[in-house]
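Letter by letter, the chains look like this.
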Amino acid sequence: SIHKFYDEISSVLDPIFDPVNNVAYGDFLSLQANAWTENGYDGWLTGGRGSYNDYVYVRDALESSYERTTAKTTYQWTVRSSLGDGTRSVADEQEGSCVKYGDIVYLQVNNVNNRWLTGGRGQFPTYNEDVYTYNALGSSYEEFTAASTYQWT
């Protein structure tokens, strides 16, 4: 049943998004890809992967003991009102305040500092189809030219 699965995945990815409660700045979310679920797979967004911590995938968080333990925090995303200084342990300036519909949020992966979800990236042949976890504060290009690619509504 869905409740059994929710209990199982919650114990692995805890804390996980609870759809009954509001989302607040500073909360951890785990984001599930519905298309995967409808096809019988348990696909969750995972970031901060690869040797440079910049790859993003949809994977089964329960697939292996490695995913359930070592990679557990790659499935957790901190909701932030701003980029802050990039340190995961620093509280968001709006910590605890509810995110409102239409607010711009930043999603920081919880396994490494200075990595946020960035989308609409890529060059030929993908043209703005790529998603990564990059350091939004790592260069003037990321901080200014690509700033909007880190903003999610």
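Details of the structure are given in the entry above.
Residues numbered from 1 in each chain as written. Predicted model: local features only at pLDDT ≥ 70, side-chain atom pairs only at ≥ 80, totals over all residues. Heavy atoms only, no water.

Trainee: Lay out the overall build of the protein chain with the relevant residues and their values.
Mentor: Each helix and strand in the protein chain was counted, giving four helices and seven strands. Scanning the protein chain from its N terminus toward the C terminus, one meets helices and strands in the order α-β-α-β-β-α-β-β-β-β-α. Within the protein chain, contacts between residues separated by at least 24 positions form 55% of all contacts whose residues are at least 6 apart in sequence. Accessible surface for the protein chain amounts to roughly 8,900 Å². Of this, 50% is attributable to carbon and sulfur atoms. (Helix = DSSP H or I, 4+ residues; strand = E, 2+ residues; numbered from the N terminus. Contact = heavy atoms within 4.5 Å. Areas by Shrake-Rupley, 256 points an atom, 1.4 Å probe, with all protein chains shown as cover.)

Trainee: Please set out the packing of aromatic side chains residue by residue, giving values where relevant.
Mentor: The relation between two aromatic rings is expressed through the spacing of the ring centres and the mutual angle of the planes. This structure, assessed with the given rule, holds three aromatic pairs. Taken together, a centroid distance of 5.7 Å and an interplanar angle of 70° make the contact between F124 and Y127 edge-to-face. Residue placement shows R59 over the ring face of Y57; its charged tip is 4.2 Å from the ring centre. (Phe/Tyr/Trp six-rings, centres within 6.5 Å; stacked < 30°, edge-to-face > 60°. Lys NZ or Arg CZ within 6 Å of the ring centre and 35° of its normal.)

Trainee: Outline the pattern of salt bridges, listing residues and values.
Mentor: Evaluated as defined, the whole model comprises three salt bridges. A salt bridge links R49 to E67; its shortest N-O distance comes to 2.9 Å. Residue R49 is located in strand β2 (residues 44-49), and its partner E67 is located in helix α3 (residues 65-68); the two are separated by 18 residues in the primary sequence. By relative accessible area, which is 8% here, R49 ends up buried. We classify E67 as buried; its relative accessible area is 5%. Between E67 and R59 there is a salt bridge whose closest N-O contact spans 3.9 Å. Ionic contacts of the salt-bridge type, sharing partners, join the residues R49, R59 and E67 into one network. (Salt bridge = Lys/Arg side-chain N within 4 Å of Asp/Glu carboxyl O. Buried < 20%, exposed > 50% of the residue type's maximum accessible area, 1.4 Å probe, protein only.)

Trainee: Break down the environment of S30 for me, citing the residues and quoting the values.
Mentor: Here S30 is to be found in the loop between β1 (28-29) and α2 (34-38). Sequence separation between S30 and T46 is 16 residues, and the spatial gap between their C-alpha atoms is 8.5 Å. In this structure the side chain of S30 is engaged in a polar contact, spanning 3.2 Å, whose partner is the backbone oxygen of Y75. (Polar contact = N/O pair within 3.5 Å; in protein donor to acceptor, adjacent residues only side chain to side chain.)

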